[in-house]
Amino acid sequence: LTFDDVPWPSFTSPQPEEDLNISVVSEFLFSPLRPTPKNRKEILRESILRWHPDKFEGRVLAFVQPQDAEAVRQLSAAVMQSLRRLMDEDN
């Protein structure tokens with residue numbers, strides 16, 4: 001996999017040096033363009049499981065090309081940080 005192959009939670013393809021901040025992640029996850037029968041808390045819980053560093057490293061990062069691995073690791077950490085902040089806001 002390359003950086004561009006990762007299904008980032010964003011409507012636009014981020015660049016390696018960009019940061020997927022809380023507003024971008026929130027806009028994507030809770031967009032009316034992504035209809036889902038799940039509530040906000042369920043969407044966040046599912047996303048946190050998907051982007052959790054331990055899971056992400058084994059499921060995705062292990063297959064990323066070495067030249068893209070660090071950029072993918074950093075941006076996935078930014079996604080996780082945004083998800084945690086969103087979860088904290090809901091509690």
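None of these values were measured; they are calculated from a predicted model.

Cut-off values and rules
Residues numbered from 1 in each chain as written. Predicted model: local features only at pLDDT ≥ 70, side-chain atom pairs only at ≥ 80, totals over all residues. Heavy atoms only, no water. Helix = DSSP H or I, 4+ residues; strand = E, 2+ residues; numbered from the N terminus. Buried < 20%, exposed > 50% of the residue type's maximum accessible area, 1.4 Å probe, protein only. Areas by Shrake-Rupley, 256 points an atom, 1.4 Å probe, with all protein chains shown as cover. Lys, Arg positive; Asp, Glu negative; His and termini not counted. Charge placed at Lys NZ, Arg CZ, Asp CG, Glu CD. Core = buried A, V, L, I, M, F, W, Y, C linked by side-chain atoms within 4.5 Å. Arc of directions from axis to C-beta. Contact = heavy atoms within 4.5 Å. pLDDT = per-residue confidence, 0-100.

Participant: Help me out: how do you make sense of the overall build of the protein in this one?
Facilitator: Of the regular secondary structure elements, the protein holds four helices and zero strands. Counting from the amino terminus, the protein carries its helices and strands in the arrangement α-α-α-α. Taken along its principal axes, the extent of the C-alpha atoms in the protein is 35 × 25 × 20 Å. Per-residue burial over the protein gives 38% buried out of 91 residues. Here the protein displays about 5,800 Å² of accessible surface, and carbon together with sulfur accounts for 51% of that area. Placing the 11 positive and 15 negative side-chain charges of the protein at their respective mean positions leaves the two points 9 Å apart.

Participant: Which parts of the structure should I look at to understand the nonpolar core?
Facilitator: Generally speaking, a soluble globular protein has its nonpolar side chains buried in company with each other. Grouped together as the largest cluster of nonpolar side chains are 26 residues, with contacts concentrated most on V6, W8, L29, W51, F56, V72 and L83. Broken down by element, the residue count for this core peaks at 10 residues, all from helix α4 (residues 66–90).

Participant: Where do I start with helix α1 (residues 22–29) in this structure?
Facilitator: In an α-helix, one turn spans 3.6 residues; hence positions three or four apart end up facing the same way. Taken residue by residue, α1 has I22, V25, S26, F28 and L29 as its buried positions. One side of α1 holds all its buried residues, which, seen down the axis, span an arc of 165 degrees. Residues of α1 that are buried make contact with α2 (40–51) and α4.

Participant: Looking at this structure, how should I read the confidence of the model for the protein?
Facilitator: With 100% of its residues at a pLDDT of 70 or more, the protein has an overall mean of 92. The element-level mean pLDDT for the protein is lowest in helix α3 (residues 53–59), coming to 93, with α2 highest at 95.

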